[in-house]
Amino acid sequence: MPSRAVLFDFDGTLADTAPDLAAATNRLLAEHGHAPLPLERLRPFASAGARGLVHAAFGVKPGDAEYHAMRESFLGFYAERVCEETTLFPGIAELLRELAARDIRWGIVTNKSTRFTEEIVAALKLKPDCVACGDTTPHLKPHPASLLHAAEQLKLAPADCCYLGDDLRDIKAAIAAGMRPIAVDWGYHHPDSGGPGSWDAEALIAHPLDLLRLL
């Protein structure tokens with residue numbers, strides 16, 4: 001069935017936020033007396049936000065004594081430069097223009113908090129038809145709640161929507177929501193995820209415009 005709406009994961013699928021996330025991570029490292037890490041070392045963990053980047057830099061995870069303070073410091077640093085180097089991935093702007101020409105609505109479903117998402121959306125001059133963030137519902141992906149919320153905003157059945165993501169939890173959330181799960185070959189691909197070819201997505205696309213043949 002053709003899709004009537006396209007929903008995107010944000011970090012690693014729609015926008016390349018890794019440079020600004022890595023900058024916040026390196027400021028946290030400097031605060032603790034450590035040398036910075038290169039962007040390419042941190043990029044695979046960017047989809048997991050503060051949790052992934054704090055763990056990548058320090059080996060600290062939620063539940064560890066140091067985690068909460070490190071997370072708060074990281075978020076403070078990130079808030080100071082949320083969209084200095086963040087850009088859309090190549091081909092995304094062209095895809096959004098083509099969706100508009102075909103009268104196909106689009107939106108964002110992300111685990112990122114509303115305060116950061118709204119700032120980046122405004123800075124990049126995006127006009128999504130719906131946005132569901134990590135604090136929009138009580139649940140984070142891979143739970144389907146935020147995807148279902150987006151479908152409700154669009155007044156569409158979940159089956160009328162496809163969801164694009166660069167992380168295994170995106171595909172799990174789409175399947176759980178009853179949406180068409182599309183994996184993307186760009187983005188961050190967390191090293192523990194097994195690679196997008198193993199995620200049981202309906203399709204794996206190498207470039208944003210490749211989506212058009214699936215719609």
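Remember, predicted model here, so these are calculated numbers, not experimental data.

A. Highlighting the packing of aromatic side chains. According to the stated counting rule, one finds four aromatic pairs in the structure shown. Ring centres of Tyr78 and Phe116 lie 4.9 Å apart, and the angle between their planes is 65°; on these two criteria the pair is classed as edge-to-face. Placement of Tyr78 in helix H4 (residues 67-80) and of Phe116 in helix H6 (residues 114-123) is noted, with a sequence separation of 38 residues between them. Taking the relative accessible area as the measure of exposure, Tyr78 reaches 1% and is therefore buried. Put simply, the rings of Phe74, Tyr78 and Phe116 touch in pairs and so form one group of aromatic residues.

B. The arrangement of unusual backbone geometry in detail. That bond from Lys141 to Pro142 is cis: its omega, 20°, falls within 30 degrees of zero. Mapped onto the secondary structure, Pro142 falls in the loop between strand E5 (130-132) and helix H7 (145-154). Its identity is not glycine, yet Lys125 carries a phi of approximately 60°, on the positive side. Here Lys125 is to be found in the loop between H6 and E5. Phi is positive for Asp200, close to 65°, though the residue is something other than glycine. Its place among the elements puts Asp200 in the loop between strand E7 (180-184) and strand E8 (203-205). Of the residues examined, Asp200 reaches a relative accessible area of 67% and is grouped as exposed.

C. Seen up close, the sheet that holds E8. Pairing is parallel in the open sheet, where six strands are placed in the order E5-E4-E1-E6-E7-E8. Among the strands making up the open sheet, the edge pair consists of E5 and E8. Direction aside, neighbouring strands of the sheet carry axes that sit 25° apart on average. Sheet analysis places strand E1 (residues 5-8) next to strand E6 (residues 161-165), joined by four bridges and oriented parallel. Within E6, the position partnered with Leu7 by the bridge is Tyr163. Where helix H5 (residues 92-101) meets the sheet, its contacts fall on E1 and strand E4 (105-109), and the angle it forms with E1 comes to roughly 155°. Relative to E7, helix H8 (residues 168-177) is tilted by about 170°, and along the sheet it contacts E6 and E7.

D. Fine view of the packing of helix H1 (residues 18-31) against helix H3 (residues 49-58). Between H1 and H3, the shortest axis-to-axis distance is 10 Å and the interhelical angle comes to 45°. Here H1 is positioned oblique relative to H3, judged by the angle of their axes. Along this stretch, H1 crosses H3, giving a crossing that reads as right-handed. On H3, the residues touching Leu21, Thr25, Leu28 and Leu29 of H1 are Leu53, Val54, Ala57 and Phe58. Taken together, the residues that form the contact of H1 with H3 break down as seven nonpolar, one polar and no charged.

Rules used throughout
- Residues numbered from 1 in each chain as written.
- Predicted model: local features only at pLDDT ≥ 70, side-chain atom pairs only at ≥ 80, totals over all residues.
- Heavy atoms only, no water.
- Phe/Tyr/Trp six-rings, centres within 6.5 Å; stacked < 30°, edge-to-face > 60°.
- Helix = DSSP H or I, 4+ residues; strand = E, 2+ residues; numbered from the N terminus.
- Buried < 20%, exposed > 50% of the residue type's maximum accessible area, 1.4 Å probe, protein only.
- Pairing = 2+ DSSP bridges.
- Axes fitted to C-alpha atoms, helices over the stretch in contact; angles between N-to-C directions.
- Contact = heavy atoms within 4.5 Å.
- Parallel < 35°, antiparallel > 145°, perpendicular 65-115°, else oblique.
- Left-handed = near helix turned anticlockwise from the far one by under 90°.
- Nonpolar A, V, L, I, M, F, W, Y, C, P; charged D, E, K, R; others polar.

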